[in-house]
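Okay, here's what each chain looks like letter by letter:
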Amino acid sequence: MDKIKKRLYTHVVWDFNGTILDDVQLGIESVNAMLNKRGLPEIPDVETYREIFNFPIIEYYRSLGFDFDREDYYSVLAPEWVANYMAGEPDCPLVPGVVQTIAAVNHLGVTQVLISASYEAQLREQLDHLGLGDTFSEICGLDNIHAGSKRQLAEEWMAGHPGAVPLFVGDTLHDAEVADAVGADCVLFCGGHQSKKRLSRTGKPLIDRIEDLVAYLDP
């Protein structure tokens, strides 16, 4: 197990997409439908996707060949992706082991918070559908569908919890950047939206199974 300095964490701050919800394949299918519609090359497989997916999402779209001079990201492309995604979202499974992990964290007495770059109203609906609506003491999402940075959300949350010692858990480089921005420890899950090779460059501890998160909390 990769080591971080053992601390008595007061909170686990969860990411959602790719960390709790196993929506990688749906993300690929949603953007591939858009690419196909425009005659652009599709993403061929999960491995390729994990090497190119990035934040901010607008730059990821740019790298795929979308022409923002012809179609506005905010008013055309982002809403189209959300419509594709939400059509398939009810069939998305949870990441294997995440329910057991959440229960184990609760058993340890660690408060659980969710901070996501998703639209908060949509996020709450998804959590209710999954039976996780009451799992988190706080749910913090964006006020729009544009999937920008969640750094400000994390900074605001930290400012409101000056005594907190949180452990962030996510599946992207952005999760590591957010944790660094607020001076928090972070563990990265390798089964989500970015590859283990890319995540390893952060120097953060990596886990291949979400259940392995508990080892960083149990004193």
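The structure displayed is predicted, hence computed values, not measured ones. Residue positions are given per chain, counting from 1 as you read along its sequence in written order. For this predicted model, a pLDDT threshold of at least 70 governs which residues receive local features, and a threshold of 80 or more governs which side-chain atom pairs are given and counted, while totals over whole chains, interfaces and linings are taken from all residues. Values reported for side chains reflect all heavy atoms of the structure, with hydrogen atoms and water molecules removed beforehand.

### So, helix α5 (residues 98-107)
Within α5, burial applies to V98, T101, I102 and V105. The buried residues of α5 occupy an angular sector of 100 degrees when the element is viewed end-on, so they sit on one face. Exposed positions of α5 whose direction lies more than 90 degrees from the buried face are Q100 and H107. Positive phi shows up at G109, right after α5, with a value of about 80 degrees. We call a residue buried when its accessible area falls under 20% of the maximum for its residue type, exposed when it is over 50%, and partly exposed in between, using a 1.4 Å probe and counting protein chains only. We count a stretch as a helix when DSSP gives it H or I for four or more residues in a row; a strand needs E for two or more, and each element gets its number in order from the N terminus. The directions from the helix axis to the C-beta atoms form the arc being described.

### Observations regarding the pattern of salt bridges
When the charged atoms of two side chains with opposite charge come close together, those side chains can pair. A carboxyl oxygen of Asp or Glu within 4 Å of a side-chain nitrogen of Lys or Arg is what we treat as a salt bridge. All chains considered together, the criterion is met by 12 salt bridges. Residue K37 is joined to E80 by a salt bridge in which the shortest nitrogen-to-oxygen separation is 3.5 Å. With a gap of 43 residues between them, K37 in helix α1 (residues 24-37) and E80 in helix α4 (residues 73-88) connect regions that are remote in the sequence. Overall, the relative accessible area of 61% leaves K37 in the exposed class. Notably, a salt bridge pairs D175 with K150, separated by 2.6 Å at the nearest N-O pair.

### Here we look at the side chain of K204
Mapped onto the secondary structure, K204 falls in the loop between α9 (196-200) and β6 (206-207). The criterion used for residue contact is that any of the two residues' heavy atoms lie within 4.5 Å. When sequence neighbours within four positions are dropped, the list of residues in contact with K204 reads A176, D180, C186 and L188.

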